[in-house]
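If you want the building blocks of each chain, they are given just below.
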Amino acid sequence: MFAHLSTTVFLAIIVSLWTTLYFYFRRNFNYWKDRKVPYLPPMLLFGNAFEVFTFRRNIGEMARKIYESTTKPFIGFFICDEPYLLIRDPELVKSVLVKDFALFSNRSVSDNKEVDPMGSHLLFILKTPDWRDMRRKISPVFSSAKLKVMYDLIHEAGVEMINYLDQKVEQNPVVEIRDITGKYTTEAITSTSFGINSNCFKNEDAEFRKVSQRVLNWSIWERAISTSCYFVAPNLVKWFKLKFVDTASADFLRNAFWKTMIEREKTKFVRNDLLDILIEIKNQEDIDDPYKLEGDKLVAQATQFFLAGFETTSSAICFTLYELARHPEIQDKVRKEVQATLKKHGKITYNALKEMEYLEMCVKEALRKYPVLSFLDRRCSSDYQIPGTDVVLKKGTAVFISGWGLHYDSNYYPNPEVYDPMRFTEENMKTRPEYTFLAFGSGPRNCIGARFAYASLKSSLAAIISRYEIEFCEKTKDPLIIDPKGFLLAPISDLYLKFKKYDKM
Ligand code: HEM
């Protein structure tokens, strides 16, 4: 009898636990209905992000799919039990990113100060008021004048890349290019931000390359899960003490940073890199400044260059080369421009790059088709009435913008599948509404490294294109498949292209 009773009690506990959880996870599911906002019906536990949690789609693809599910100016959806709003209308995008920025200055991405002190000081993750202060201090690093001086270091990394590519092509004209662009951006970024030659091209086991391969490597499940949760599951970040930068990588970067910093302060050696600028900022700071740049706050600034710069820029180079290989006529046209500019300047310089306008259009069009960070996220810091409507978003509501969705919207980009750099002539850009090209975001919280990215992208592409004709080969995967894990767009597999020396000048 007791056995029978205990089974009944057990079943009753399970049923009441399930019922409690069921109602708990559904408690917000009327959020959009109550506000009369169109929304996607959510699934218990996952909301509308089931495919993200099961690694069938990355976060950017999810946002694009939601964008394409409607023609309305905005649509509600859920990640787990949390309501999110995806906005589609470029005017509304402008309101959130620019006009009403004071209410949307934070990303929705989590921070986890207790377990990830360095990661939570990254500009990308910081919240106001700390973010505002850090952005103000760091912005001069990315000025055109500073970048022009830093450019020599980017150029040196490009020379190393070309020497390495020459050797590879001599052995076999079919080359896996993602590894080479990854080495190039790691080399350029460690040189400019950590003041170190990472030797990626000379040493296949270079420490910095190993860290760059680990830190944002989505085939390492633990990394894919941790970083994705930062965007879609803030509670899991806290509960499971997940880190944006894993401990081993953070320790390695911290040691590398302090070793060079201490040496630099001792020897007063000047290299015109980020470290010099950080020392300058640090020395000018007020002793009572509550946001003083010290300890992990300093390390995070160099780490940020590294994290935000190497994978994004490397993938953007690959996407551009892929499209140029597919379109020989566009490749010829851009090569002519690069060669004419090189004839005028003698070599690739910062000023020469500025004159390569068609090359920049090719890069922009590649970033339109493959915006490496393909969605933007913000969280409102007080109740917000959506302009021109009665809808009031509750303080703390997260807002997503799908750059990728806007880039593939045929209202703004007819035949969006077609790679056509002419979309980015000044004239053609004027025919589109503002805020329909968001590869680097927009407003006060846009990509601080955009100038740096264009310089390293154009520099490497000009060096490759002026030397080689690039073609598809049997090993080229066409179409490119995007990795369904993580939060950045990258091809899922290696990218093989055929390189033929170009000898006509
Ligand atoms: C092709 C290369 C790159 C692309 C496509 C890219 C794209 C983006 C995008 C879309 C954002 C979000 C902007 C927003 O929310 O409005 C962002 C933020 C950011 N990017 Fe980049 N980025 C690239 C390269 C770089 C580089 C090279 C650096 C540094 C050297 C960098 C540093 C940052 C930082 C620090 C933020 C956060 C800014 C803040 O919150 O204040 N990025 N990037």
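Residues numbered from 1 in each chain as written. Predicted model: local features only at pLDDT ≥ 70, side-chain atom pairs only at ≥ 80, totals over all residues. Heavy atoms only, no water.

1. Observations concerning the UniProt feature "transmembrane region" (unreviewed entry) in the chain
UniProt tags residues 6–25 and 37–55 as "transmembrane region" (unreviewed entry). Annotation note: span residues 6–25, helix share 100%, strand share 0%, distance between end C-alpha atoms 28 Å. In residues 37–55, the share of helix is 21% and the share of strand is 0%. The end C-alpha atoms are 28 Å apart. (UniProt positions renumbered as here; feature names shortened; annotations may be inferred. Helix = DSSP H or I, 4+ residues; strand = E, 2+ residues; numbered from the N terminus.)

2. Topic: the sheet that holds strand S1 (residues 74–79)
Within the open sheet, the four strands sit side by side as S1-S2-S7-S4. Their pairing is mixed. Among the strands making up the open sheet, the edge pair consists of S1 and strand S4 (375–379). Averaged over all adjacent pairs, the angle separating strand axes in this sheet is 30°, with direction ignored. Looking at chain direction, S1 and strand S2 (residues 82–87) are connected through six bridges and run antiparallel. Looking at the pairing, isoleucine 79 lines up with glutamate 82 of S2. Across the face of the sheet, helix H4 (residues 59–68) comes into contact with S1, S2, S4 and strand S7 (398–402) while running at roughly 85° to S7. (Pairing = 2+ DSSP bridges. Axes fitted to C-alpha atoms, helices over the stretch in contact; angles between N-to-C directions. Contact = heavy atoms within 4.5 Å.)

3. Comments concerning the nonpolar core
With 157 residues, the main nonpolar core has Leu393, Phe400 and Phe499 as its most contacted residues. Of all the elements, helix H14 (residues 296–326) adds the most residues to this core, at 16 residues. Setting aside residues up to four positions removed in sequence, leucine 393 forms contacts with Tyr31, Trp32, Leu85, Cys380, Ser382, Asp383, Tyr384, Ile386 and Val399. (Core = buried A, V, L, I, M, F, W, Y, C linked by side-chain atoms within 4.5 Å. Buried < 20%, exposed > 50% of the residue type's maximum accessible area, 1.4 Å probe, protein only.)

4. A word on unusual backbone geometry
For the bond running from threonine 128 to proline 129, omega is 5°, close enough to zero to count as cis. For proline 129, the position within the fold is in the loop between helix H5 (90–99) and helix H6 (130–138). Of note, the amide linkage connecting aspartate 478 to proline 479 takes the cis form, showing an omega dihedral of 5°. Note that proline 479 resides in the loop between strand S8 (468–471) and strand S9 (496–501).

5. Thoughts on the coordination of the iron atom of the ligand
The sole protein-derived ligand of the iron atom of the ligand is Cys447 (SG), positioned 2.3 Å away. Structurally, cysteine 447 can be placed in the loop between helix H19 (426–430) and helix H20 (450–467). (Donors = N, O, S within 2.8 Å, 3.2 Å for Na, K, Ca; no water.)

6. Some thoughts on the packing of helix H7 (residues 144–171) against H20
Two numbers describe how H7 lies on H20: the axes approach to 9 Å, and their chain directions differ by 35°. Read as a crossing pair, H7 and H20 show a hand that is right-handed. Counted together, Ser144, Leu147, Met150, Tyr151, Ile154, Met161, Ile162, Leu165 and Asp166 of H7 and Arg451, Phe452, Ala455, Ser456, Ser459, Ser460, Ala463, Ile464 and Arg467 of H20 form the full contact between these two elements. Partitioned by chemical class, the residues of the contact of H7 with H20 number 11 nonpolar, four polar and three charged. (Left-handed = near helix turned anticlockwise from the far one by under 90°. Nonpolar A, V, L, I, M, F, W, Y, C, P; charged D, E, K, R; others polar.)

7. Quick notes on the pairing of S9
Consecutive residues of a regular strand have side chains that alternate between opposite faces of the sheet. Alignment of strand S3 (residues 174–176) against S9, held across three bridges, turns out to be antiparallel. Bridging across to S9, glutamate 176 finds its partner in tyrosine 496. Strand direction decides the pairing type here: S8 and S9, joined by four bridges, are antiparallel. In the strand pairing of S9, isoleucine 470 is matched with phenylalanine 499.

8. Brief notes about the packing of helix H15 (residues 328–345) against helix H17 (residues 357–369)
Direction vectors running N to C along H15 and H17 enclose 140°, while the axes themselves pass 8 Å from each other. The pairing of H15 with H17 is recorded here as oblique in orientation. Across the interface between the two elements, Ile330, Lys333, Val334, Glu337 and Val338 of H15 pack against Glu357, Tyr358, Leu359 and Cys362 of H17. (Parallel < 35°, antiparallel > 145°, perpendicular 65-115°, else oblique.)

9. Thoughts on the packing of aromatic side chains
Within this structure, the stated rule accounts for 29 aromatic pairs. Consider the rings of phenylalanine 77 and phenylalanine 400, whose centres lie 5.9 Å apart with planes at 70°: the pair is edge-to-face. Pair noted here: phenylalanine 77 is in strand S1 and phenylalanine 400 is in strand S7, with a separation of 323 residues, a long-range link. The exposure class assigned to phenylalanine 77 is buried, which follows from its relative accessible area of 0%. An aromatic cluster of at least three residues, connected via ring pairs, comprises Phe194, Phe208, Phe252, Phe257, Trp258, Phe306 and Phe310. Of note, arginine 88 hangs over the ring of tyrosine 67, and the distance from its end group to the ring centre comes to 4.0 Å. In this structure, lysine 333 is placed above the aromatic ring of tyrosine 358, and the distance from its NZ or CZ to the ring centre is 4.3 Å. (Phe/Tyr/Trp six-rings, centres within 6.5 Å; stacked < 30°, edge-to-face > 60°. Lys NZ or Arg CZ within 6 Å of the ring centre and 35° of its normal.)

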